[in-house]
Amino acid sequence: MPTGQHLLVIDDQRLDRAIASHAATRAGFQVTGAASIAETRALFEKGDRFDFIVLDLALGSEDGLEILPLIARFNSTAVVVLASGFDGRILAASQRLATSCGLLVAGVLRKPVLPTALQRLLRQAPFVRMAAGETTLSVAPEKIRLAIAEGQIKPWFQPKTSLATGGVIGGEALARWVRPDGRSVAPSAFIPVAEQSGMIGALTDTILDQSLMACAHWRKTRPECWVAVNVSPLLLTDRGLTDRIEQKLQDHGVPPGALVLEITESNGIPDTACATEILTRLRIRGVNLSVDDFGTGHSSLLSLVRMPFNEMKIDQAFVREAVTNRDARKVVRASASLGRELGLNVVAEGVETEVMAQLVEEAGCHVGQGWLYGRALPPETFEAHLREAYLGEPRLNEVAAAEPETETAT
Ligand code: C2E
Ligand code: MG
Ligand code: MG
């Protein structure tokens, strides 16, 4: 264990703080203690930074979870250990919350914390950093700019399959960056950087152009085929987006109904007049709109009510968890029935096994997407796949045609 690293123990109970501090000191750490959110904030504000933070989730009358955004803001590189007397489900949910704030979580410990358990987690911490480094490996914005200009970023297509007919009804474009040396860069490494550095518009333009070109090609032999393209909510501040998309549809000779825009909501779909206007105009022109990763964002239900979506994609985390977790199964069923009630096309993401397929079909989903039906394929291979695969009825168009009248409050 490297010595001299700084560790912060946040716990309102003096004895618990002392036990954790003692265990960490014996493991070679320089330890600081804080008993409240205010004390933690004061440390951060005076410039103290820590390599590790052990956080008690129940800080007396305060909510320990409120500290997570504080850590993310001031000390995001710290490895966090969560400790609590709550049951395993709450601990697991807290861990996910911390991860979603962008924090590196070494693990969770039930209180009273055993010194040996804490020491074991601290020993594992370098691996936590390493694993996180692999997935969040950041890419210089300039490299992305160059990759777009040189055409290194291309859409690959993953089939969407009708659960009623078993037929492929379209494909989702997933950005793939293969470098000239043959190595590929994961979307999780370059999409966030493109978003932060203002290049997501250029990236979306190239993916849209290539996807519409591919779709136009497919439709020569399969006229009912459509393509889905991911759109970052950040682009919903650009009023020119609607016209640009319409122009691209015309340029490639693809009807608006053959395009689905998947708006990923995990970062929140902005509830602004501008976003509403863009999405409504697109929908009026016949473009299909999908809420991606439904259930993971902060505004899922509000988005469904306020924005003119006609498709819902239930996030793969629920589908995966539903196999073993009764509560997740209920969430999948309730989401699917809500989607159907609202007249939406309901897609289940991340379907990897027959068991998952059966589960989402029984829940009432219309469409399945996942490794069971096929991984993302390069455009040429996807076209061959389409030619061979049985094409079911184009469910999306059916649903769009049967869409209920919009109710307006009087
Ligand atoms: P998404 O739109 O929700 O896409 C689904 C992701 O799940 C894809 O990851 C896909 O490869 C993966 N996936 C599909 N089926 C399975 C399965 O059965 N099991 C598992 N474990 N995973 C499955 P990918 O390609 O790494 O993309 C990640 C995210 O990056 C996408 O999530 C989307 O939000 C974003 N993204 C990808 N391409 C673009 C793009 O062109 N523009 C924008 N704005 N975002 C994009
Ligand atoms: Mg998507
Ligand atoms: Mg998704």
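Residues numbered from 1 in each chain as written. Chains lettered and ligands numbered in written order. Predicted model: local features only at pLDDT ≥ 70, side-chain atom pairs only at ≥ 80, totals over all residues. Heavy atoms only, no water.

1. Describing the coordination of the magnesium ion (ligand 3)
- With distances of 2.0 to 2.5 Å, the protein atoms coordinating the magnesium ion (ligand 3) are Asp-292 (OD), Asp-293 (OD), Glu-349 (OE) and Glu-349 (OE).
- Sequence positions of the residues that donate to the magnesium ion (ligand 3) give the spacing D-D-x55-E.
- Separating the magnesium ion (ligand 3) from the magnesium ion (ligand 2) is a distance of 4.2 Å, and Asp-292 supplies a donor atom to each of them. Of this pair, Asp-293 sits in strand β13 (residues 288-294) while Glu-349 sits in the loop between β15 (345-348) and α14 (354-363), placing them 56 residues apart in sequence. (Donors = N, O, S within 2.8 Å, 3.2 Å for Na, K, Ca; no water. Helix = DSSP H or I, 4+ residues; strand = E, 2+ residues; numbered from the N terminus.)

2. Here's the deal with the coordination of the magnesium ion (ligand 2)
- Coordination sphere of the magnesium ion (ligand 2), protein contribution only: Glu-172 (OE), Asn-230 (OD1), Glu-262 (OE) and Asp-292 (OD), at 2.1 to 2.3 Å.
- Ordering the donors of the magnesium ion (ligand 2) by residue number gives the pattern E-x57-N-x31-E-x29-D.
- Classification of Asp-292 by relative accessible area gives buried; the value is 4%. (Buried < 20%, exposed > 50% of the residue type's maximum accessible area, 1.4 Å probe, protein only.)

3. Let's talk about the confidence of the model for the protein
- Residues with a pLDDT of 70 or more make up 89% of the protein, whose mean pLDDT is 85.
- Of all helices and strands in the protein, the one with the weakest mean pLDDT is helix α16 (residues 395-401) (39), whereas β15 scores best (98).
- In this model residues 392-410 is a low-confidence stretch, pLDDT under 50, and it forms 30 contacts with partners more than four residues away in sequence or in other chains. (pLDDT = per-residue confidence, 0-100. Contact = heavy atoms within 4.5 Å.)

4. Side note on the nonpolar core
- One finds Ile-144, Ile-153, Leu-203, Trp-218, Leu-259 and Leu-261 to be the most contacted residues of the largest nonpolar core, which totals 77 residues.
- With eight residues, the single largest contributor to this core is helix α8 (residues 200-221).
- Every residue in contact with Trp-218, bar those within four places of it in the chain, is listed here: Phe-157, Cys-225, Trp-226, Val-227, Phe-382, Glu-383 and Leu-386.
- In terms of nonpolar packing, the next biggest core, distinct from the first, is built from 23 residues, Leu-8, Leu-55, Leu-91 and Val-105 among them. (Core = buried A, V, L, I, M, F, W, Y, C linked by side-chain atoms within 4.5 Å.)

5. Concerning the site of ligand 1
- Contacts to ligand 1 come from 21 residues, most closely from Arg-176, Asp-292, Gln-316, Glu-352 and Trp-371.
- With respect to ligand 1, the side chain of Asn-230 contributes an N or O atom lying 2.9 Å from an oxygen atom.
- Between ligand 1 and Glu-349 there is a distance of 2.9 Å, counted from an oxygen atom to a side-chain nitrogen or oxygen.
- Contact with the protein chains covers 84% of the free accessible surface of ligand 1, which is 800 Å².
- Elements that contribute at least two residues to the shell around ligand 1 include exactly β9 (168-178), α7 (187-196), α8, β13 and α12 (316-322).
- Residue contributions to the shell around ligand 1 peak at four residues, all from β9.
- Taken together, the residues that form the shell around ligand 1 break down as eight nonpolar, six polar and seven charged. (Near = heavy atom within 4 Å. Polar contact = N/O pair within 3.5 Å; in protein donor to acceptor, adjacent residues only side chain to side chain. Areas by Shrake-Rupley, 256 points an atom, 1.4 Å probe, with all protein chains shown as cover. Nonpolar A, V, L, I, M, F, W, Y, C, P; charged D, E, K, R; others polar.)

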